[in-house]
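Residues per chain, in single letters:
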Amino acid sequence: MPYPHAAENDVIVRVHAAGFTPGELDWPATWSDRAGRDRTPSVPGHELSGVVVDLGYGTTGLTVGQRVFGLTDWTRNGSLAEYTAVEARNLAPLAADIDHTVAAALPISGLTAWQGLFDHAHLATGQTVLIHGAAGGVGSIAVQLAREVGAHVIGTGRADDSDLALALGAQTFVDLDADDLRHVGEVDVVLDVIGGDILQRSTELVRPGGTVVTIAMPPTVQPRDGRAIFFVVEPDRARLIDLAQRLRTGRLKPVVGAVRPLAETASAFARHHRAPGKTIIQIVDDHTTQHPGEHVDTGRREWPR
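What counts and how
- Residues numbered from 1 in each chain as written.
- Predicted model: local features only at pLDDT ≥ 70, side-chain atom pairs only at ≥ 80, totals over all residues.
- Heavy atoms only, no water.
- Helix = DSSP H or I, 4+ residues; strand = E, 2+ residues; numbered from the N terminus.
- Contact = heavy atoms within 4.5 Å.
- Areas by Shrake-Rupley, 256 points an atom, 1.4 Å probe, with all protein chains shown as cover.
- Lys, Arg positive; Asp, Glu negative; His and termini not counted.
- Charge placed at Lys NZ, Arg CZ, Asp CG, Glu CD.
- Pairing = 2+ DSSP bridges.
- Axes fitted to C-alpha atoms, helices over the stretch in contact; angles between N-to-C directions.
- Buried < 20%, exposed > 50% of the residue type's maximum accessible area, 1.4 Å probe, protein only.
- Phe/Tyr/Trp six-rings, centres within 6.5 Å; stacked < 30°, edge-to-face > 60°.

Helices and strands together make up the secondary structure of the protein, namely eight helices and 13 strands. Counting only C-alpha atoms, the protein reaches 60 × 40 × 35 Å along its principal axes. The long-range fraction of contacts in the protein, counting pairs at least 24 apart against all pairs at least 6 apart in sequence, stands at 63%. For the protein, the accessible area works out to roughly 13,600 Å², and carbon and sulfur atoms hold 51% of it. Distance from the positive charge centre (27 side chains) to the negative charge centre (37 side chains) of the protein: 3 Å.

If you want it as structure tokens, here you go:
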């Protein structure tokens with residue numbers, strides 16, 4: 001791919017590490033622009049951590065050489081490349097003591113967990129929350145955030161996810177392959193990342209006034225006297241800064257399940273590939289590269305406009 005163009009209010013980021021969502025190759029936005037026009041060949045991936053190497057016209061708030069992390073736009077080329085153009089407002093500064101591979105695991109998972117639990121479900125101290133996929137990228141962060149606020153956390157997943165979910169703070173674990181979900185009892189909030197039958201059965205557990213929040217699919221049923229909400233994560237620089245600070249102080253630990261090189265990205269998308277936490281693609285080995293500021297001109301020579 002050619003070196004990207006920095007539009008107004010964009011920055012060009014030299015990507016050090018990137019995250020992705022396994023199902024995003026099925027999203028129409030991966031292959032088309034906002035008007036629905038084909039934009040192949042396209043670059044997937046929407047989470048990144050790296051260094052700013054170029055500023056678009058009018059861009060403020062970030063500087064060349066600055067470490068950043070955040071989200072890329074859904075309908076533009078994404079993070080699974082050596083360089084990418086990103087709206088500056090979608091990025092947050094990254095402290096020097098946070099590894100890029102860890103930071104790249106935080107944007108979508110961290111913002112999704114926060115927005116689902118607190119912006120949409122308004123989870124509060126003393127409530128009970130059922131978190132599906134508790135050992136996954138979103139679920140593992142959601143478990144930690146829910147426990148910190150003082151909620152009772154029930155995590156779900158496969159049997160081999162149990163130890164991790166409990167270590168992260170879930171008080172109870174449900175094996176979705178072997179246990180009866182009805183034994184959970186009533187809950188105030190459900191955070192769903194699975195959809196289908198699991199979403200429908202979970203809806204039946206929500207007590208009056210409770211909320212089901214899902215990122216998997218628009219819900220087809222509503223809990224009695226409650227709400228069912230489907231949402232897509234939104235960029236939020238202030239919340240990214242807050243999540244990074246929680247990481248620095250040890251209050252939040254993203255689970256990086258595997259770190260793979262850019263050349264193995266296609267196989268990382270494979271349907272059979274499954275690992276706890278978030279799979280990260282490492283594009284720059286930070287232990288062998290030059291200082292970030294030395295890459296600006298080099299990038300332009302390697303990627304002519």
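As a further point, take the sheet that holds strand 11 (residues 227–230). The strands that make up a sheet pair up through hydrogen bonds in the backbone, lying either parallel or antiparallel. Pairing within the open sheet is parallel, and its six strands lie in the order 8-7-6-9-10-11. Here the strands that pair on one side only, and so sit at the sheet edges, are strand 8 (172–175) and strand 11. Going from strand to strand, the sheet's axes swing by 15° on average, the running direction of each strand aside. Bridge count for strand 6 (residues 128–131) against strand 7 (residues 152–157) is four bridges, and the pairing is parallel. What sits directly across from Ile131, in strand 7, is Gly155. Contacting strand 6, strand 9 (187–192) and strand 10 (206–214), helix 5 (residues 196–203) crosses the sheet at an angle of about 160° to strand 10.

Turning next to unusual backbone geometry. Excluding glycine, residues mostly carry a negative phi; peptide bonds, for their part, are mostly trans. Looking along the chain, the bond that leaves Thr40 and enters Pro41 is cis, with omega of 0°. Counting through the fold element by element, Pro41 comes out in the loop between strand 1 (10–19) and strand 2 (47–55). The backbone of Asn9 sits at a positive phi, close to 70°, despite the residue not being glycine. Residue placement: Asn9 occurs in the segment before strand 1. Despite not being glycine, Asp225 has its phi angle at roughly 55°, a positive value. On the secondary structure map, Asp225 appears in the loop between strand 10 and strand 11. Among the residues examined, Asp225 registers a relative accessible area of 66% and is labelled exposed.

Under the definition given, this model contains four aromatic pairs. With centroids separated by 5.8 Å and ring planes inclined at 80°, the aromatic side chains of Trp27 and Trp74 adopt a geometry described as edge-to-face. Pair noted here: Trp27 is in the loop between strand 1 and strand 2 and Trp74 is in the loop between strand 3 (67–71) and strand 4 (83–87), with a separation of 47 residues, a long-range link. Using a relative accessible area of 29% as the deciding quantity, one classes Trp27 as partly exposed.

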